[in-house]
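Summary of structural features
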Protein chains: 2
Amino acid sequence: MSRSVRVLLLFLLLPVSAFAQELPAWNDGKSKQAILDFVKKVTTERGADYVAPEDRIAVFDNDGTLWTEQPFYFQLGFILDRVKALAPEHPEWKEKEPFKSILAGDLKGIAKSGERGIVELAMETHSGMTTEDFRKIVINWFSTARHPKTGKPYNEMTFLPMHDLLDYLRANGFKTFIVSGGGEFMREITDKAYGIPPEQVVGSTITTQYALVDETPVLNRLPKIDFVDDGPGKPVGINKFIGRRPVFAAGNSDGDYEMLRWVMAGQGPHFAMIIHHTDADREYAYDRKSDFGRLDNALDEAAARNWLLVDMKADWKKIYAFDQ
Amino acid sequence: MSRSVRVLLLFLLLPVSAFAQELPAWNDGKSKQAILDFVKKVTTERGADYVAPEDRIAVFDNDGTLWTEQPFYFQLGFILDRVKALAPEHPEWKEKEPFKSILAGDLKGIAKSGERGIVELAMETHSGMTTEDFRKIVINWFSTARHPKTGKPYNEMTFLPMHDLLDYLRANGFKTFIVSGGGEFMREITDKAYGIPPEQVVGSTITTQYALVDETPVLNRLPKIDFVDDGPGKPVGINKFIGRRPVFAAGNSDGDYEMLRWVMAGQGPHFAMIIHHTDADREYAYDRKSDFGRLDNALDEAAARNWLLVDMKADWKKIYAFDQ
């Protein structure tokens, strides 16, 4: 075999990652190194911490972890727009809370109801239609709605370093899942936005019911919560939908606290990270007192529990793909 | 380039399926041809019926579709063994139904309670422990329990032609899921038995609750049904867990009726099949009057609804891998 053929074959056999810089939108430092070290450790065959590919399950919160959650959860933006769109058919909403606050633009009042309250509001405004009709409304909303600060479509408000992380984990045999308080709403964009297909999105669910309409089967969305995937609901949701304990988990708020603890209590190696929003210039800076994505207990305990605390301002070269 | 190198390269570029005979455990005939025709149609790029790879979702009932369900659902065998194992701690069961029937070996009495009754019995006997403890019990049971007719481990009682079908669909870009009335029980063996990982198993679920035991997080299984994935629950479960409508569905009983109708009502091409148990010698022959896997309405309507009715006796060369 000639030398050039040998070189060519060698080139073809090398993994792509050997050529691409890993986690390019992350600054070099402790956070990036901790991720690289963990992945190297669990993918080193015959190493003490080797994890078989089928057990390489990684879970990511969505709001505030994969995309921005300020000045309000994006799904809440969707809900506000739905309430406004439906208001002409509901004159009684002018006097009825929380619709009254929404129509008056009083975000603080809505925020006080917490993630659970917002899920309930979602159930209220997103029922009374089939699953197919709901999909169309969501897809249409994403194509027209814009973020109030950046003017960008919401599905572009995703964090470039987290894309890098998803790509890097997948290149190393991980299967990536979203585990979020949000619901079916997310499923319409996660594949395009993150390469995560709908069946790898664990979220809050509304009750649906099979029915025949003119002999055509449909699923009707009922105004009834089926499952709230937040706080202690996250490990429950992971067990229900995925059926095994992840080895990698990322979150950014107290709503992820139980998920991170449960993942870290697994046998064998495991990794947990919290995205700390520290960058008021490029994104937002908030933690203990935020209405959305409050980070308090989880911030207190991160160091003692060996959860990586990612400092957005220091650790990330870029926030969004559209950043200069 | 030498001729031998060119031949070698050509060989490497050809898909594996070009060399393997498709669906080898199926007899040539209408059923096999219908499957081949459908898959060819939806995978032909630029064809009128082309389905993008991400939409190639195939769902399979488990009991009676992928493995045997006689003389009783295998999960019922597990339940019976659990009741017997726990009976010494529950002297009151000797006088209490349905435990009394179980301890007396009265299968007919249990069967009359239907799939829902069995799910409830599963909830009753499979709660009061953590998810980890439950896994261990299931894994241990599969390693020791044997089918009463064949003497084989239950996880070997799977249908070879259905393995072929799963392989064939996956080789053509389909993602395969189980959608079954059974619960977490199945998840411990589906990866080894069918190459279907736990996160691609949609089933009935028990309610679990996050708790700390000596500061260690666990999920406790409560004696409460969360979701029954049977009949009209199957399309509901598919929507909840998978989040999109499959294009291929296989079942064998009236419990699959709504799933098949919902899949066939999707836009674009779709395919539904029913396994008809017609082989008393090699497996079992039953349909309208069976206590387990009753096939009645779905049998009446199969032809009119263009569902492929697979005749096990005529269509399958072999039933099990261990058959001579």
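Residues numbered from 1 in each chain as written. Chains lettered and ligands numbered in written order. Predicted model: local features only at pLDDT ≥ 70, side-chain atom pairs only at ≥ 80, totals over all residues. Heavy atoms only, no water.

1. Some thoughts on the overall build of chain A
Quick note on the threshold: Here a helix means four or more residues in a row that DSSP labels H or I, a strand means two or more in a row labelled E, and each is numbered from the N terminus. When we talk radius of gyration, it's over C-alpha atoms, and the globule rule is simply 2.2 Å times the number of residues to the 0.38. For the exposure calls, accessible area comes from a 1.4 Å probe over protein chains only, and a residue counts as buried if that area is under 20% of its type's maximum, exposed if over 50%, partly exposed in between. The contact criterion used throughout is that any non-hydrogen atoms of two residues lie within 4.5 Å. Throughout, the Shrake-Rupley method with a 1.4 Å probe supplies accessible areas, and for residues the shown protein chains are the sole cover considered. As used throughout, the charge tally considers Lys and Arg to be positive and Asp and Glu to be negative, leaving His and the chain termini uncounted. Charge coordinates come from a single atom per side chain, which is NZ of Lys, CZ of Arg, CG of Asp or CD of Glu.
Regarding its fold elements, chain A presents 14 helices and nine strands. Expected size for 324 residues packed as a compact globule is a radius of gyration near 20 Å; at 21 Å, chain A falls within 12% of this value. A principal-axis box enclosing the C-alpha atoms of chain A has dimensions of 80 × 50 × 40 Å. Across the 324 residues of chain A, 54% fall into the buried class. Intrachain contacts of chain A at a sequence separation of at least 6 include 67% that bridge at least 24 residues. Of the roughly 14400 Å² of accessible surface on chain A, 52% is carried by carbon and sulfur atoms. Averaging the coordinates of the 40 positive side-chain charges in chain A and doing the same for the 47 negative ones gives two points 4 Å apart.

2. Things to note about the sheet that holds strand β8 (residues 271-276) of chain B
Residue and element names in this part refer to chain B. Our working rule: Strands pair, by our definition, only if DSSP identifies at least two bridges between them. To get an axis, fit a line to the C-alpha atoms, keeping to the stretch in contact for a helix; angles then go from 0 to 180 degrees between the N-to-C directions.
Spatial ordering of the open sheet is given by β4-β3-β1-β7-β8-β9, a layout of six strands whose pairing is parallel. The outermost strands of the open sheet, each flanked by one partner alone, are β4 (201-202) and β9 (308-311). In this sheet, strand β3 (residues 175-179) lies alongside strand β1 (residues 57-60) in parallel orientation, the contact comprising four bridges. Paired with Ile57 across the bridge in β3 is Lys175. Contacts from helix α8 (residues 160-171) reach β1, β3, β7 (248-251) and β8 within the one sheet, and its direction differs from that of β1 by about 165°.

3. Section: the packing of helix α11 (residues 233-241) of chain A against helix α12 (residues 257-264) of chain A
Residue and element names in this part refer to chain A. Cut-off, in case you're wondering: Between 65 and 115 degrees an angle is taken as roughly perpendicular, under 35 as roughly parallel, over 145 as roughly antiparallel, and anywhere else as oblique.
One can describe the packing of α11 onto α12 by two numbers: an axis separation of 7 Å at closest approach and a directional angle of 55°. The angle between the axes of α11 and α12 places the two elements in the oblique class. Residues Lys234, Pro235, Ile238 and Asn239 of α11 form the contact with α12, whose own contacting residues are Glu258, Met259 and Trp262.

4. A look at the relation of the copies chain A and chain B
We apply this condition: In superposing the copies, a least-squares fit is computed on C-alpha atoms, taking residues whose pLDDT is at least 70 in both.
For the pair chain A and chain B, the best superposition has an RMSD of 0.0 Å and corresponds to a rotation of 180° with a translation of 0.0 Å parallel to the axis. The relationship between the two copies is best expressed as a two-fold rotation axis. Minimal C-alpha separation from the rotation axis in chain A is found for Phe241(A), amounting to 3.3 Å.

5. Here's the deal with the packing of aromatic side chains
All names here are of chain A. Heads up, the condition is: Aromatic rings from Phe, Tyr and Trp, taking only the six-membered ring of Trp, are treated as a pair when their centres fall within 6.5 Å; an angle between ring planes under 30 degrees marks them as stacked, one over 60 as edge-to-face, and anything in between as tilted. For a Lys NZ or an Arg CZ to count as sitting over a ring, it must be within 6 Å of the ring centre and within 35 degrees of the ring normal.
The full count for this structure, using the stated rule, is 43 aromatic pairs over all chains. Summarising the aromatic geometry, the rings of Phe78 and Trp141 are spaced 5.4 Å apart at their centres and angled 70° between planes, so their arrangement reads as edge-to-face. Of this pair, Phe78 sits in helix α3 (residues 74-86) while Trp141 sits in helix α7 (residues 131-144), placing them 63 residues apart in sequence. Trp141 shares its class with Phe78; the two are buried. Where Trp93 meets Phe99, the ring centres are 4.2 Å apart and the plane angle is 5°; that geometry is what we call stacked. Owing to a relative accessible area of 4%, Phe99 belongs among the buried residues under this scheme. One aromatic cluster is present, formed by Trp67, Phe74, Phe78, Phe134, Trp141, Phe142, Tyr154 and Phe185 through successive ring pairs. The positively charged end of Lys152 is found above the aromatic ring belonging to Phe322, 4.8 Å away from the centroid.

6. With respect to the pattern of salt bridges
Stated formally: Counted as salt bridges are all cases of a side-chain nitrogen of Lys or Arg within 4 Å of a carboxyl oxygen of Asp or Glu.
With the rule as written, the count across this model stands at 32 salt bridges over all chains. Measuring nitrogen to oxygen at the nearest pair gives 3.1 Å for the salt bridge that ties Asp226(A) to Lys240(B). Pair noted here: Asp226(A) is in strand β6 (residues 216-227) and Lys240(B) is in helix α11 (residues 233-241), and the two residues belong to different chains. Judged by relative accessible area, which is 25%, Asp226(A) ranks as partly exposed.

7. What about the interface of chain A and chain B?
Test applied: Using a 1.4 Å probe, buried area is obtained as the accessible area two parts lose upon being combined, added over both of them. Under the rule applied, a polar contact is a pair of N or O atoms within 3.5 Å (in protein, one hydrogen donor and one hydrogen acceptor; residues adjacent in sequence only if both atoms are side-chain atoms).
The interface of chain A with chain B comprises 37 residues on the first partner and 36 residues on the second. Summing both partners gives a buried area of about 3200 Å² for chain A against chain B, and 49% of it is carried by carbon and sulfur. Among the residues of chain A in contact with chain B, Glu199(A), Tyr210(A) and Lys240(A) are the three that bury the most area, contributing 20% of the side total. Viewed at the interface, chain B and chain A are joined by ten salt bridges. With its nearest N and O atoms 2.8 Å apart, the salt bridge here joins Lys175(A) to Glu199(B). Seen at the junction of chain A and chain B, the total is 20 residue pairs in polar contact (both at pLDDT 80 or more).

8. Focus: the environment of Leu295(A)
Residues and elements named next belong to chain A. For Leu295, the location among the structural elements is in the loop between β8 (271-276) and α13 (297-301). Sequence separation between Leu295 and His276 is 19 residues; the distance between their C-alpha atoms is 8.2 Å. Apart from the residues within four sequence positions on either side, Leu295 is in contact with Asn252, Ser253, Asp254, Ile274, His276, Asp287 and Arg288.

9. Some remarks on the sheet that holds strand β5 (residues 205-213) of chain B
Residue and element names in this part refer to chain B. Strand order in this open sheet of three strands is β2-β6-β5, and the pairing throughout is antiparallel. Every other strand in the sheet has two partners, leaving β2 (129-130) and β5 as the edge strands with one partner each. Judged from the two bridges that link them, β2 and strand β6 (residues 216-227) form a sheet pairing that is antiparallel. Paired with Met129 across the bridge in β6 is Arg221.

10. Let's talk about helix α2 (residues 30-43) of chain B
For clarity, the threshold we go by: Multiplying one less than the number of residues by 1.5 Å gives the expected span of a helix.
For α2(B), which comprises 14 residues, the first-to-last C-alpha distance of 20 Å matches the rise-based estimate of 20 Å (1.5 Å per residue) to within 8%. Turning to α2(B), the residues buried within the fold contact α8, β7, β8, β9 and α14 (312-315) of chain B.

11. Structural notes on the side chain of Asn239(A)
Relative to the assigned elements, Asn239(A) resides in helix α11. The contact partners of Asn239(A), leaving out residues within four places of it in the chain, are Trp262(A), Thr131(B), Arg187(B), Thr208(B) and Leu219(B).

Shape descriptors only; they carry no functional weight alone.
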